[in-house]
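In case you want the letters, here they are:
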Amino acid sequence: MIRLKNGFLVKKGNELELSTIYIEDDKIKFIFPGKHNSLSVEREVDAEGNIIFPGFIDPHVHFDDPGFTVREDFETGTRSAAAGGITTIIDMPCTSIPPVTSGENFDYKLNIVKGKAYVDFAFWGGVTPGQIESGEYKKTLTDLKERGIVGVKFYTVSGMELYPRMPVPYMDKAFRFLKGLNLVCAVHAEDYYLVDFYSNFLRQNGRSDFESWAEGRVYEAEPEAIWSVVGITEKVHNKLHIAHLSTGAGLEVIRWAKKHKLDVTTETCPHYLIFTVADLKILGSILKTSPPVRYEEDIDALWTGLKDGSIDFIATDHAAGKFPEEKSSSNIWDNYAGIPGTQLAVPLMITYGYYKGKVRLEEIQKLMSENAARRYGLYPDKGSIALGADADLTIVNLNEKWFVDPSKLESKGKYSVVAGKEMVGKVSKTILRGKLIYDEKAGITGEKGYGNFIKSNL
Ligand SMILES: [Zn+2]
């Protein structure tokens, strides 16, 4: 048995409680308020007066393995998660070759990545327009469901050759079937026709400056696309999730859906909560994402949405471009869209959320762990500090100040939108199923391959 002492748990009402946690066989065995040392243990871990959170979850990452490992692989991606205090990641189906669009493809990928993982992981599944046309999707999605995917990802607009966009009428078919399987339908929501029209218009007119990326991926494309899939959900009553929400107008559609009792959730990413088009003009490709960052009003709206529960959780959409090759052209269209986010999500939320009075620790705990675990069928093993749950615990020193040095990131993508910026709050230890996998002083202490595949219990 292991005793974790001198740590504070965040209780309901945002109160901090000094607690002692005992861990046995990967699980939380006992939790006592205050100091407690009457049980005999083999080992002690000292939280040194810091906060103990349930292991954080990043429910939307692209770790590119197998196929695009020049950008990221499961080893570097999960190391960056461990160093960022994230004990479970959920990997997207589209950024590996082959994409996770069948049981065989799933098995192939799992076989390749499982020996590389430092943190626990779950998978998103996928489906292609071709599978909808042939009718094959019913078998492939059933096979994926049996293997334990958390849901299925759709793109209304896509730059990926192997994972094309899904026309809305096809999504209607897929959503009906996925309702029967009780799986979440997650959508990258930017209207294809608007994005295509404006982006081409700008390019044809010779625009290649940084701002043209945001202008081309026009603001209203997001609420427009959200309306079209919420419209399906209104008829079908499937589980719908809107990925990486970036606009206040999109949030209003989500609010409408929730008000009408539709089973709709959404996430946003730290970069949409911090940066605007004005920053994109300066940072350029380093901040190039899809959807793009928006405006001050959107930042305010998104924080309000996190606070009032309209936005359900934080994800990073971690997608590292090959650096510097894919991230340094002066022509914005030529650069890769994506940023490596998983290692910095926790300090960003503490620095820009907690310390600016936007969210409390209690909310960070829910938004970065519990809510995603519940939505994707990982709860209560993941996302909670409770008796019998997996001993996944992230210890955070709220007061430590430090500067971001991208060269020190574990990700292959050694660039950051907050390069050189001061953060307040640092992950001090990451514990996965009772094992210390990251320590601020020692670095990564976990073992390659210790991370397990976690099946959704949906
Ligand atoms: Zn993504």
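Per chain, residue numbering runs from 1 following the sequence as it is written. The predicted origin of the model limits local features to residues at a pLDDT of at least 70 and limits the giving and counting of side-chain atom pairs to 80 or more, whereas totals for whole chains, interfaces and linings rest on all residues. Only hydrogens and water are set aside; all other atoms, that is, all heavy atoms of the structure, feed into the side-chain values.

Novice: It is not clear to me how empty space enclosed by the protein should be interpreted in this structure. Could you clarify?
Specialist: Unfilled space is identified by rolling a water-sized probe across the atoms. Cavities and pockets are defined on a 1 Å grid built over the protein atoms alone: a cavity is a set of grid points where a 1.4 Å probe fits but cannot escape, while a pocket is an open set with protein on both sides within 12 Å along at least five of seven lines, and lining residues are those with an atom within 4 Å of any such point. Grid points are joined across faces, edges and corners, and a volume is the space filled by probe spheres set on the points. Taken as a whole and assessed by the stated rule, the structure comprises 4 cavities of 30 Å³ or more. The volume enclosed by the largest cavity comes to roughly 120 Å³. Of the domains in this structure, domain 1 (2–51 + 389–444) and domain 2 (55–375) are the two that each give at least three residues to the lining of the largest cavity. Empty space within the second largest cavity amounts to approximately 40 Å³. Residue lining of the second largest cavity: S80, H318, P340, G341, T342, Q343, L344, L409 and S411, and that is the complete set. Domain start and stop points were drawn from an automatic or database domain assignment.

Novice: Teacher, can you tell me more about unusual backbone geometry here?
Specialist: If a residue is not glycine, its phi is most likely negative; likewise, a peptide bond is most likely trans. Put simply, I97 and P98 share a cis peptide bond, and its omega is -5°. Only DSSP runs of H or I with at least four residues qualify as helices, and only runs of E with at least two residues qualify as strands; both kinds are numbered from the N terminus onward. One can find P98 in the loop between β7 (86–91) and α2 (103–113). Going from Y379 to P380, the amide bond is cis rather than trans, its omega being 5°. Mapped onto the fold, P380 is located in the loop between α14 (361–375) and β15 (393–403). With a phi close to 70°, N14 is a non-glycine residue in the positive phi region. Only protein chains enter the accessibility calculation, which uses a 1.4 Å probe. A residue is then buried if its area is under 20% of the maximum for its type, exposed if over 50%, and partly exposed in between. Note on N14: relative accessible area 21%, which makes it partly exposed. Non-glycine residue H244 carries a positive phi angle of around 30°. Structurally, H244 can be placed in the loop between β12 (239–242) and α9 (248–259). The exposure class assigned to H244 is buried, which follows from its relative accessible area of 1%.

Novice: Sorry, what's going on with the layout of surface pockets here?
Specialist: Computed from the structure, the largest pocket encloses a volume of approximately 960 Å³. Contributing elements (two or more residues each) for the lining of the largest pocket: β10 (151–155) and α6 (192–204). By residue number, the principal contributor to the lining of the largest pocket is α6, which donates 6 residues. All residues other than Ala, Val, Leu, Ile, Met, Phe, Trp, Tyr, Cys, Pro, Asp, Glu, Lys and Arg, Gly among them, are scored as polar; the first ten of these are nonpolar and the last four charged. Residue composition of the lining of the largest pocket, by class: 15 nonpolar, 16 polar and 10 charged.

Novice: Help me understand the packing of helix α8 (residues 221–236) against α9, please; the structure alone is not making it clear to me.
Specialist: To describe two helices that pack against each other, one gives the angle between their axes and the distance between the axes. Contact pair α8 / α9: the axes reach a minimum separation of 8 Å and the direction vectors enclose 15°. By the angle between their axes, α8 is roughly parallel relative to α9. You can see that α8 and α9 cross each other, and the crossing is right-handed. Only A249, G250, V253, I254, W256 and A257 of α9 make contact with α8, whose side of the interface consists of E222, P223, I226, W227, V230 and E234. Along the lines of polarity and charge, the residues of the contact of α8 with α9 split into 9 nonpolar, 1 polar and 2 charged. For every element, the axis is a line fit to its C-alpha atoms; helices are fit only across the contacting stretch, and the angle between N-to-C directions ranges from 0 to 180 degrees. When describing relative orientation, an angle under 35 degrees is termed roughly parallel and one over 145 degrees roughly antiparallel, while 65 to 115 degrees is termed roughly perpendicular and anything else oblique. Throughout, a crossing is termed right-handed when the near helix is turned clockwise from the far one, and left-handed when it is turned anticlockwise from it by less than a right angle. The contact criterion used is simple: two residues touch if any of their non-hydrogen atoms lie within 4.5 Å.

Novice: Where do I start with the pattern of salt bridges in this structure?
Specialist: Opposite charge on two side chains permits pairing when their charged atoms draw close. Salt bridge criterion: a side-chain nitrogen from Lys or Arg within 4 Å of a carboxyl oxygen from Asp or Glu. All told, the structure shown has 38 salt bridges when counted by the stated rule. Notably, a salt bridge pairs D263 with R375, separated by 2.7 Å at the nearest N-O pair. Residue D263 is located in the loop between α9 and β13 (264–268), and its partner R375 is located in helix α14; the two are separated by 112 residues in the primary sequence. What makes D263 partly exposed here is its relative accessible area of 33%. Residue R375 is classed as buried on the basis of its relative accessible area of 10%. R374 is paired through a salt bridge with E370; the nearest N and O atoms lie 2.8 Å apart. Here R374 pairs with E370, and both are found in helix α14, just 4 residues apart, close to one helical turn.

Novice: Please explain the pairing of strand β2 (residues 16–24) as it appears in this structure.
Specialist: Two faces make up the sheet, and in a regular strand the side chains alternate between them. When DSSP locates at least two bridges between a pair of strands, those strands are taken to pair. Pairing of strand β1 (residues 2–10) with β2, which is carried by 7 bridges, proceeds in the antiparallel orientation. For L4, the partnering residue across the bridge sits in β2 and is I21. Hairpin geometry of β1 and β2 is characterised by an intervening segment of 5 residues between the two adjacent antiparallel strands and by a positive phi of about 85° at G13. Sheet topology note: the β2/strand β3 (residues 27–33) ladder contains 6 bridges and is antiparallel. Looking at the pairing, T20 lines up with F32 of β3.

Novice: Got a minute to help me understand the packing of aromatic side chains in this structure?
Specialist: The description of two aromatic rings rests on the distance between their centres and on the angle between their planes. Under the pairing criterion, centres of Phe, Tyr and Trp rings, with the six-membered ring standing for Trp, must be within 6.5 Å; the plane angle then separates stacked pairs below 30 degrees from edge-to-face pairs above 60, leaving the rest tilted. One pass over the full model with this rule turns up 24 aromatic pairs. Between the aromatic rings of Y155 and Y163, the centroid separation amounts to 5.8 Å while the plane-to-plane angle is 80°, which identifies the pairing as edge-to-face. The same class applies to Y155 as to Y163, namely buried. Their ring planes at 65° and their centres at 5.9 Å tell us that W213 and W333 sit as a pair that is edge-to-face. Taken together, the positions of W213 in helix α7 (residues 210–216) and W333 in the loop between β14 (313–314) and α13 (345–354) put the pair 120 residues apart, joining distant regions of the chain. What links up through ring pairs into an aromatic cluster is the set F63, F74, F106, F121, F123 and F453. In this analysis the charged atom, NZ for Lys or CZ for Arg, is taken to sit over a ring once it is within 6 Å of the ring centre and within 35 degrees of the ring normal. K288 extends its terminal NZ or CZ atom over the ring of W213, reaching a point 4.1 Å from the ring centre. K426 extends its terminal NZ or CZ atom over the ring of W402, reaching a point 5.2 Å from the ring centre.

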